[in-house]
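# Coordinate analysis (summary)
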Amino acid sequence: PGSADEITVRLLADATAGSPGSTAETGPQEQFHATRVLVVDDVDDVRELARSSLTAVGMEVAEAASGEDALRITRRFAPDCVVLDINLPGISGLEVCRLLRADRRNAHVAIMMLTSDAEPTGKVTAFSLNADDYMVKPFRPRDLVNRVNDAIRRRANMRSATTAS
């Protein structure tokens, strides 16, 4: 518990302590690259909570309300992570995940599936499509920030290990 300002300060401190791209690791300010996250959910309140949580820690956030918009925005925005609802109108989040993974330009992008349905088949399917994480709504803002950072870190480590071998 705490005021919105106190929570924002705590989230910022937690997320930037050792997160990839923090100025402590990259050196001079001009080398700083804000982490870019695309939040895809058809529910406005979910997108708003995710956006406010992620921007509070200095991440750059774009939003989409459908799978089609997510694919279009990904090409333009070049996110480091896509937080992707499974149940979207039109193209499902699982199909968006499959399409993103099929495009080699998105090999560096971490994908975190988000759902209000805790059904295990969705989780199995998401990981079979090479999603990096799976989170059930409702979520706590701090958990979302930490898991986005962890997913980005794991994806970068996986790519480093692949190029090293």
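Residues numbered from 1 in each chain as written. Predicted model: local features only at pLDDT ≥ 70, side-chain atom pairs only at ≥ 80, totals over all residues. Heavy atoms only, no water.

Here we take up the pairing of strand E1 (residues 36-40). Counting buried residues along E1, four of its five residues qualify, which places the element largely inside the surrounding structure. Bridge count between E1 and strand E2 (residues 60-64): five bridges; the pairing is parallel. In the sheet register, Arg36 faces E2, and the bridge partner there is Glu60. Crossover handedness for the path E1 to helix H3 (residues 44-55) to E2: right-handed. (Buried < 20%, exposed > 50% of the residue type's maximum accessible area, 1.4 Å probe, protein only. Helix = DSSP H or I, 4+ residues; strand = E, 2+ residues; numbered from the N terminus. Pairing = 2+ DSSP bridges. Right-handed = clockwise from strand over helix to strand, strands pointing away.)

Now for the nonpolar core. Formed by 23 residues in total, the largest nonpolar core has its most connected members in Leu38, Val40, Val82, Leu84, Cys97, Ile111 and Met113. Secondary structure elements with two or more residues in this core: E1, E2, helix H4 (67-77), strand E3 (81-85), helix H5 (93-102) and strand E4 (110-115). In contact with Met113, other than residues within four places in its own chain, are Leu84, Ile86, Gly93, Leu94, Cys97, Ala126, Ala131, Asp133, Tyr134 and Met135. (Core = buried A, V, L, I, M, F, W, Y, C linked by side-chain atoms within 4.5 Å. Contact = heavy atoms within 4.5 Å.)

Before going further, it helps to spend a moment on the side chain of Asp133. Relative to the helices and strands, Asp133 is located in strand E5 (residues 133-136). Of the polar contacts made by the side chain of Asp133, one reaches the side chain of Arg147; its length is 2.7 Å. Beyond its immediate stretch of four places on either side in the chain, Asp133 contacts Ile111, Met112, Met113, Phe127, Arg147 and Arg154. (Polar contact = N/O pair within 3.5 Å; in protein donor to acceptor, adjacent residues only side chain to side chain.)

Moving on to unusual backbone geometry. The omega torsion of the bond from Lys137 to Pro138 falls at 0°, within 30 degrees of zero and hence cis. Positive phi outside glycine occurs at Ala78, with the angle close to 50°. Assignment of secondary structure puts Ala78 in the loop between H4 and E3. You will see that Asn130, though not glycine, has its phi angle at about 70°, which is positive. Tracing the backbone shows Asn130 in the loop between helix H6 (120-128) and E5. Residue class for Asn130 comes out partly exposed when judged on its relative accessible area of 46%.

Moving on, we get to the sheet that holds E5. Pairing in this open sheet of five strands is parallel, and the strands run E2-E1-E3-E4-E5 from one edge to the other. The strands lining the two open edges of the sheet, one partner per strand, are E2 and E5. Pairs of neighbouring strands in the sheet enclose a mean axial angle of 20°, with direction left out of account. The strands that H4 touches are E1, E2 and E3; relative to E2, the one it contacts most, it runs at about 150°. Contacts from H5 reach E3 and E4, with the element oriented near 175° to E4. (Axes fitted to C-alpha atoms, helices over the stretch in contact; angles between N-to-C directions.)

Following the criterion strictly, the structure yields zero aromatic pairs and no others. The side chain of Arg36 reaches across the aromatic face of Phe77, ending 5.7 Å from its centre. (Phe/Tyr/Trp six-rings, centres within 6.5 Å; stacked < 30°, edge-to-face > 60°. Lys NZ or Arg CZ within 6 Å of the ring centre and 35° of its normal.)

When pLDDT is averaged across the chain, the result is 85; 78% of the residues are at 70 or more. In the predicted structure, residues 15-30 sits below a pLDDT of 50 and forms 22 contacts with residues beyond four places in sequence or in another chain. (pLDDT = per-residue confidence, 0-100.)

On to the environment of His108. For His108, the position within the fold is in the loop between H5 and E4. Separated by 50 residues in sequence, His108 and Met158 place their C-alpha atoms 9.3 Å apart. Ignoring any residue separated from it by four or fewer positions in sequence, one finds His108 in contact with Pro79, Asp80, Arg155 and Arg159. In terms of polar contacts, His108 uses its side chain to reach the backbone carbonyl oxygen of Arg105, at 3.5 Å.

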